[in-house]
Amino acid sequence: MRYKAEYIWVDGTEPTPLLRSKTKILEAGQEPPLWGFDGSSTNQAPGDSSDCVLKPVYVCHDPIRGGDNKLVVCEVLTVDMEVHPSNTRAKCAATAEEYSAQKPLFGLEQEYTLFDGNKPLGWPDQGFPGPQGPYYCSVGANNVAGRKLVEEHLDACLAAGLAVSGINAEVMPGQWEFQVGPVGPLEVSDQLIIARWLLDRIAEEHGVSVSFASKPVKGDWNGAGCHTNFSTNAMRESFDKCVEACEALGEKADLHIANYGAGIEDRLTGLHETCSYKEFKYGVSDRGASIRIPWQVKQDGKGYIEDRRPNANCDPYKVTQLITETVCSKIG
């Protein structure tokens with residue numbers, strides 16, 4: 001018997017990389033090997049030296065094809081087996097190893113918007129739906145669009161063995177969210193890549209497209225983020241360490257904003273449950289802050305913090321690497 005291995009990687013498109021994938025047929029029991037691809041077609045190489053290498057780094061069950069078939073997240077290397085410039089995972093892996101003793105954990109809240117052609121799913125052909133208010137965590141055909149697709153995606157993530165922890169309809173109609181974690185920085189990033197790929201793949205079957213744009217509809221509508229929950233051993237034992245983590249992130253606010261996804265200035269305006277990208281603040285239960293400390297963390301005197309700045313289109317490897325390095329190098 002042979003099986004299908006779907007090799008998935010992040011390309012070199014700017015400002016927001018795309019996911020790419022292709023299928024390799026392997027013998028039963030064979031581990032996915034290195035494989036090449038045409039980097040000149042993915043913004044990762046010139047045409048006169050086009051070969052790049054896929055290095056399998058994370059393998060899970062393929063819930064779409066079923067059977068013994070696999071999904072394979074890959075790092076991109078050059079033909080000299082060096083880290084490709086577009087490969088942000090390698091730096092994340094090194095940082096995760098460096099600070100592994102502090103046991104950093106992440107939970108990522110991936111928001112996204114479903115589109116039917118040029119309009120969000122469920123929106124009228126002309127004009128706009130009613131104003132935001134009834135759509136968040138809603139039920140009923142008047143308020144919800146795309147639930148069948150969303151449930152199929154959740155089932156697929158569970159079948160793939162991903163650490164998904166929930167889903168909900170979001171504030172803007174046609175917008176949804178799923179959560180992955182809590183797991184380590186590298187694991188949560190790999191799993192988010194798989195979950196994003198599964199979402200796009202399942203949406204194909206429904207004739208719907210998925211947007212991870214930070215501000216998919218201009219005007220008085222919520223943007224789409226990837227709120228990032230984070231803790232270390234020390235933070236899980238001390239509220240003061242949670243505050244120190246917030247202070248550390250504030251010291252490098254500009255660096256983080258520059259690496260949290262394209263179009264962040266369109267989303268982080270200070271409106272729609274955001275803090276302006278031009279300022280930094282943190283607070284307990286404050287969804288208008290850059291960093292929210294959940295109320296139960298204050299009450300329990302320990303726990304985690306939520307960085308509300310990353311965009312829906314962020315590179316999870318960049319986000320988890322930066323937060324791990326910034327906080328773990330400071331609070332110990």
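For the structure itself, consult the block above.
Calculation rules
- Residues numbered from 1 in each chain as written.
- Predicted model: local features only at pLDDT ≥ 70, side-chain atom pairs only at ≥ 80, totals over all residues.
- Heavy atoms only, no water.
- Phe/Tyr/Trp six-rings, centres within 6.5 Å; stacked < 30°, edge-to-face > 60°.
- Helix = DSSP H or I, 4+ residues; strand = E, 2+ residues; numbered from the N terminus.
- Buried < 20%, exposed > 50% of the residue type's maximum accessible area, 1.4 Å probe, protein only.
- Lys NZ or Arg CZ within 6 Å of the ring centre and 35° of its normal.
- Pairing = 2+ DSSP bridges.
- Axes fitted to C-alpha atoms, helices over the stretch in contact; angles between N-to-C directions.
- Core = buried A, V, L, I, M, F, W, Y, C linked by side-chain atoms within 4.5 Å.
- Contact = heavy atoms within 4.5 Å.
- Salt bridge = Lys/Arg side-chain N within 4 Å of Asp/Glu carboxyl O.

## Examining the packing of aromatic side chains
The final tally for this structure, using the stated rule, is seven aromatic pairs. Relative to Phe-37, the ring of Trp-9 has its centre 4.6 Å away and its plane inclined at 40°; by these criteria the two rings are tilted. Here Phe-37 lies in strand 3 (residues 35-38) and Trp-9 lies in strand 1 (residues 2-10), a separation of 28 residues in the sequence. Grouping residues by exposure puts Trp-9 and Phe-37 together as buried. In this structure, Lys-22 packs its charged tip against the face of Trp-35, placed 3.9 Å from the ring centre. Stacked on the ring of Phe-212, the Lys or Arg Arg-196 has its end atom at 5.4 Å from the ring centre.

## Details of the sheet that holds strand 4 (residues 51-61)
An order of 2-1-5-4-3 is seen for the five strands of this open sheet, with the pairing classed as mixed. Of all strands in the sheet, those bounded by a partner on one side alone are strand 2 (19-27) and strand 3. Strand-to-strand twist of the sheet, defined as the mean angle between neighbouring strand axes without regard to direction, takes the value 40°. Note that strand 4 and strand 5 (residues 70-77) share eight bridges and pair antiparallel. Pairing of His-61 across the sheet is with Lys-70, part of strand 5.

## Points about the nonpolar core
Generally speaking, soluble globular proteins have nonpolar side chains that are buried together. If you look at the biggest cluster of nonpolar residues, it comprises 66 residues, and the most contacted ones within it are Tyr-112, Leu-114, Leu-162, Ile-194, Leu-198 and Ile-305. At eleven residues, the largest contribution of residues to this core is made by helix 3 (residues 185-206). Excluding anything up to four places from it in sequence, Ile-305 contacts Thr-228, Asn-229, Phe-230, Met-235, Cys-242, Ala-245, Cys-246, Leu-249, Ile-291, Arg-292, Ile-293 and Pro-294. Judged by nonpolar contacts, the second largest core, of 13 residues, contains Trp-9, Leu-26, Phe-37 and Cys-52.

## What about the pattern of salt bridges?
Using the criterion set out here, one finds 15 salt bridges in the structure. Close ionic contact of Asp-266 with Lys-218 constitutes a salt bridge, the shortest N to O distance being 3.6 Å. Taken together, the residues Asp-266 in helix 6 (residues 264-267) and Lys-218 in the loop between strand 10 (209-211) and strand 11 (226-231) connect sequence positions 48 residues apart. Look at Asp-266 and you get partly exposed, because its relative accessible area is 35%. Under the relative-accessibility criterion, Lys-218 is labelled exposed at 56%. For Glu-306, the salt bridge goes to Arg-292, with nearest N and O atoms at 2.7 Å. Of this pair, Glu-306 sits in strand 14 (residues 305-307) while Arg-292 sits in strand 13 (residues 291-293), and the two are 14 residues apart along the sequence. Each member of the pair, Glu-306 as well as Arg-292, is classed as buried. If you follow the salt bridges from partner to partner, you end up with Glu-75, Arg-89 and Asp-190 in one network.

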